[in-house]
Amino acid sequence: MPRGQDPEFAGVVILTLNNGEVKPFPIGVGTNAAVSPNGRYLAIASTHFVALEKPLEYKLTLFDLASPQPSKSILSFPNSPSHSYSRLIWSPDSKRLYFLLRPGAPYDDPTTSYGLWRFEVGTKTFSRIANLDDPWLHFISLSPDGEWAILFPETERYVTLVHLSSGELDTIQLLAGENFPVVRYQVMPTPRSAYCIDR
């Protein structure tokens with residue numbers, strides 16, 4: 001998937017490791033994709049053409065890969081028109097998908113955010129976890145136990161932790177110094193802490 005240029009990617013391919021066979025997987029057009037840890041689901045922030053005179057629609061497409069002919073569900077994001085921003089991240093048990101939601105289209109320049117959201121695979125329902133006003137927060141990862149989300153802003157030197165069960169927010173200020181890009185993040189649940197590696 002390209003980064004830093006066109007926010008859309010052209011498709012997904014399936015690589016069979018034992019024979020090297022590569023074949024396309026028809027997903028349409030999307031801006032982000034994530035396979036669940038158990039390998040059963042493929043989630044895609046997908047783009048849909050409606051009509052010439054209407055704007056594009058941005059949805060969540062969920063493929064169930066358990067059957068020989070994968071089934072899919074196409075779901076509208078809450079607060080439409082809206083789109084997911086940054087990464088789609090699965091819970092360790094593959095039952096929930098987490099994402100940041102922003103108003104409008106990926107090409108817009110939003111001034112706010114709809115916050116951090118959860119999608120429940122079993123019920124196919126959405127719920128908001130935390131209100132986050134900064135539209136340029138990046139969703140980095142979950143803690144190993146799946147209890148905390150870690151987010152990092154584009155320009156400031158701090159990390160935001162979100163407790164996924166309660167929506168509690170915790171901000172950790174990074175050490176002052178030169179503003180090198182951070183290339184790795186991790187949340188340690190016990191004791192609660194976060195570390196990063198500067199490049």
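As shown above, the structure is provided for reference.
What comes next is a walk through the structure.

1. Remarks on the nonpolar core
Formed by 16 residues in total, the largest nonpolar core has its most connected members in A43, L62, L88, W90, L97, F99 and F119. Residue assignment for this core shows that the elements contributing at least two residues are strand 4 (41-48), strand 5 (57-64), strand 7 (82-90), strand 8 (96-103) and strand 9 (115-120). Counting residues in each nonpolar core, the second largest holds 14 residues, with Y98, L116, V162 and L164 among its members.

2. As for the sheet that holds strand 11 (residues 138-142)
Taken together, the four strands give an open sheet; going across it, the order is 11-12-13-14, and neighbouring strands pair in antiparallel fashion. A strand with exactly one partner marks an edge of an open sheet, and here the two such strands are strand 11 and strand 14 (169-173). For this sheet the average axis-to-axis angle between neighbouring strands, irrespective of direction, equals 25 degrees. As paired strands, strand 11 and strand 12 (residues 148-152) are joined by four bridges and run antiparallel to one another. Residue pairing in the sheet places L142 in a bridge with A149 of strand 12.

3. A closer look at the sheet that holds strand 9
Overall, antiparallel pairing links the four strands, which are arranged 7-8-9-10 in an open sheet. Pairing within the sheet leaves two strands with one partner each, and these edge strands are strand 7 and strand 10 (125-130). The mean angle between the axes of side-by-side strands here comes to 35 degrees, regardless of whether they run parallel or antiparallel. Of the strand pairs in this sheet, strand 7 and strand 8 are connected by six bridges, and their pairing is antiparallel. Across the sheet, I89 pairs through a bridge with Y98, a residue of strand 8.

4. A look at the packing of aromatic side chains
Geometry of an aromatic ring pair is reported as the spacing of the ring centres plus the angle between the planes. For the coordinates displayed, the defined rule picks out six aromatic pairs. A centroid spacing of 6.0 Å and a plane angle of 85 degrees characterise the contact between F99 and F126, whose relative ring orientation is edge-to-face. A residue pair is termed long-range when its members are at least 10 positions apart, and F99 in strand 8 and F126 in strand 10 qualify at 27 residues. With a relative accessible area of 21%, F126 lands in the partly exposed category. Positioned above the aromatic ring of Y85, the side-chain terminus of R102 is 3.8 Å from the ring centre. The side chain of R102 reaches across the aromatic face of W136, ending 4.7 Å from its centre.

5. Here's the deal with unusual backbone geometry
The step from S80 to P81 runs through a cis peptide bond, and the omega angle for that step is 5 degrees. Note on placement: P81 falls in the loop between strand 6 (71-76) and strand 7. If you check the backbone angles, S94 has positive phi at about 65 degrees while not being a glycine. The topology assignment puts S94 in the loop between strand 7 and strand 8.

Cut-off values and rules
- Residues numbered from 1 in each chain as written.
- Predicted model: local features only at pLDDT ≥ 70, side-chain atom pairs only at ≥ 80, totals over all residues.
- Heavy atoms only, no water.
- Core = buried A, V, L, I, M, F, W, Y, C linked by side-chain atoms within 4.5 Å.
- Buried < 20%, exposed > 50% of the residue type's maximum accessible area, 1.4 Å probe, protein only.
- Helix = DSSP H or I, 4+ residues; strand = E, 2+ residues; numbered from the N terminus.
- Pairing = 2+ DSSP bridges.
- Axes fitted to C-alpha atoms, helices over the stretch in contact; angles between N-to-C directions.
- Phe/Tyr/Trp six-rings, centres within 6.5 Å; stacked < 30°, edge-to-face > 60°.
- Lys NZ or Arg CZ within 6 Å of the ring centre and 35° of its normal.

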